[in-house]
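A look at the structure
Now for the letters of each chain:
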Amino acid sequence: MSEIIVVTSGKGGVGKTTTSAAIAAGLAKQGHKTVVIDFDVGLRNLDIVMGCERRVVYDFVNIIHGEAALSQTLIKDKREPNLFILPASQTRDKEALTLDGVGRVLEELKQQFSYIICDSPAGIETGALMAMYYADRAIVVTNPEVSSVRDSDRILGILASKTRRAEQGETPISEHLLLTRYSLERVATGEMLSVQDVQEILAVPLLGVIPESKAVLRASNTGTPVIFDETSDAGQAYSDAVERLLGKDKPHRFIGEKKKGLFRRLFDRSKEEQLA
Amino acid sequence: MATDAFQLKGSLFTLTVLQLHQADMDSLTHQLDRLVQQAPKFFQHTPVVIDLQAVQQVNGAIDFAQLADQLRQRGMIPVGVRNGSTAQQQAAIAAKFAILNATTSKAESHPGDTAVESSVTSMPNKPSLMIHKPIRSGQQVYAQGGDLIVTAPVSQGAELLADGNIHIYAALRGRALAGIQGDSQARIFCQHLAAELVSIAGHYMVNEALQQVSYNKPHQIYLAADKLLISPLG
Ligand SMILES: Nc1ncnc2c1ncn2[C@@H]1O[C@H](COP(=O)(O)OP(=O)(O)OP(=O)(O)O)[C@@H](O)[C@H]1O
Ligand SMILES: [Mg+2]
């Protein structure tokens, strides 16, 4: 069984590529054969975040047009034997992708991989629709601000209506909310929405909260998915998210639930007693 | 023997009727714009009949060609007029409108006609449309001929339309328009009210006025003496 997971957001620059790289690397680290595909044709940067930009020979568009074989195009990660990258073309535009072509490539990848991660471009046009069309699951990357939440809501509507599963009336795509660039200080000052605010508006299960972190920039500058930085807060938050994606129940960290005060603990206890 | 290319059949349809209250084109287009803005998709390709009953005695000719043009520009498809004066009907025919039977004024109607009219205008008893998934920004749901029941949140930028009542057992952050075919008895019920717009039978209220109510109480919205009222439930 293999699964196609799209990482999408509507709004640009919220952390889709960072997330695609981290989640793909995390799944591979857990022993699952994983490929991550860059759907951002024309603006590719997944290869840079993954640190393999010098090894790109052929790309996604070449395969679709029959100009290269999958085996020639896939790039094997140097750190993690289960991890592969399918880069996007830098020179073509998004119209070079066709639904049929994408479908054929995904079918071929399904034969070899347990997880196929699709890094979507921003927006709600062709590229984004291609990236989500065949997905089984969707990770909706959202920053804790009003415009990003609004775009995520829009994308969730499109996931529920314009994808293959929706069109064929199959079980809907399962949706996961990933809140990234979360800053406790800015939530406290009211500059940013809280986890609870976002969850209430979007009504989608929470896959994880990734803190705003210097480790992310450091990681992308060295071409290393941040999940490999095991001591960093963002790396750990992504590891937790991968475990939840695999069905494990992990409490959320980095959401600012400081140690409960005495009063709060007593209050919770009395509630539990009432329930018992 | 050659088979017929077609066959003619009689059939009944429910059509949207635009009751003209005045002949002034500017105020008409103004109101049309507001209406279309409220429910953009609802008026796309909607056939419309113009009822002239209230403007029969109005002095000065109605420019039917311009009227049709204004309706088309907003996505509607003007099909005919009814209840016009003889002069109005001729002007309407010249502008390629069909003339529909004048059935609302008792004096002219034949016994058979009234039966047809009432069966067309009374709300067909359709089952409610039930939705259990969140309705997202950019999505629109229309319960034609009945009630709309939603058990999940309605996002800002989403739009609910119903010929009957609208029930939302969650937060309403988008738009809800009940009784859109003119049923002034229709109501909107919701668990959390944070709507952008609510409307019943064309009477609407927008954000600012709605801001006064408390989000955490369930509310109902209804029409009383042509005024839209909001009151807490329970
Ligand atoms: N948790 C984080 N903390 C700090 N910086 C972050 C975090 N996540 C992402 N960033 C930074 O935000 C920027 C955008 O990230 P990324 O390229 O992953 O977004 P994207 O959604 O893929 O953008 P696009 O829509 O352009 O494809 C990058 O500079 C990245 O380093
Ligand atoms: Mg990106």
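All of the points below concern the structure found in this document. Computed from a prediction, not measured in an experiment: that's the story for all the values here.

Rules used in this analysis
- Residues numbered from 1 in each chain as written.
- Chains lettered and ligands numbered in written order.
- Predicted model: local features only at pLDDT ≥ 70, side-chain atom pairs only at ≥ 80, totals over all residues.
- Heavy atoms only, no water.
- Helix = DSSP H or I, 4+ residues; strand = E, 2+ residues; numbered from the N terminus.
- Buried < 20%, exposed > 50% of the residue type's maximum accessible area, 1.4 Å probe, protein only.
- Salt bridge = Lys/Arg side-chain N within 4 Å of Asp/Glu carboxyl O.
- Pairing = 2+ DSSP bridges.
- Axes fitted to C-alpha atoms, helices over the stretch in contact; angles between N-to-C directions.
- Contact = heavy atoms within 4.5 Å.
- Near = heavy atom within 4 Å.
- Polar contact = N/O pair within 3.5 Å; in protein donor to acceptor, adjacent residues only side chain to side chain.
- Areas by Shrake-Rupley, 256 points an atom, 1.4 Å probe, with all protein chains shown as cover.
- Nonpolar A, V, L, I, M, F, W, Y, C, P; charged D, E, K, R; others polar.

Focus on unusual backbone geometry
Residue and element names in this part refer to chain B. A positive phi angle, near 65 degrees, is found at N83, a position not held by glycine. Tracing the sequence through the fold places N83 in the loop between β3 (77-82) and α3 (86-94). Backbone geometry at K96 places phi at a positive 70 degrees, although glycine is not the residue there. Within the secondary structure, K96 is located in the loop between α3 and β4 (98-99). Residue K96 is classed as exposed on the basis of its relative accessible area of 76%.

Some remarks on the pattern of salt bridges
All names here are of chain A. Applying the stated rule across the entire model yields 18 salt bridges over all chains. Between K29 and E230 there is a salt bridge, with its nearest N and O atoms 2.9 Å apart. Note that K29 is positioned in helix α1 (residues 16-29) and E230 in the loop between α11 (214-221) and α12 (233-245), a separation of 201 residues in sequence. Given the relative accessible area of 34%, K29 is considered partly exposed. Look at E230 and you get exposed, because its relative accessible area is 52%.

Here we look at the sheet that holds strand β12 (residues 197-200) of chain B
Residues and elements named next belong to chain B. Taken in spatial order, the five strands make up an open sheet running β6-β8-β10-β12-β13, and their pairing is mixed. Where the open sheet ends on each side, the last strands, each with one partner, are β6 (140-143) and β13 (203-206). Each neighbouring strand pair of the sheet contributes to a mean axis angle of 10 degrees, computed without reference to strand direction. Looking at chain direction, β12 and β13 are connected through four bridges and run antiparallel. Of the residues in β13, the one forming a bridge with S199 is Y204. Here helix α1 (residues 25-38) sits on the sheet and contacts β8 (159-162), β10 (175-178), β12 and β13; the angle it forms with β10, its principal contact strand, is near 115 degrees.

Re the site of ligand 1
All names here are of chain A. Taken together, 15 residues surround ligand 1, and among them G13, K16, T17, T18 and S213 come closest. Between ligand 1 and V14, the relevant distance is 3.2 Å, taken from an oxygen atom to a main-chain nitrogen or oxygen of the residue. In the complex, the protein chains occlude 80% of the 640 Å² of accessible area that ligand 1 would expose alone. When residues of the shell around ligand 1 are traced back to their parent elements, those giving at least two are α1 and β8 (206-211). Broken down by element, the shell around ligand 1 gets its largest block of residues, three residues, from α1. Looking at the shell around ligand 1 residue by residue, the class counts come to five nonpolar, six polar and four charged.

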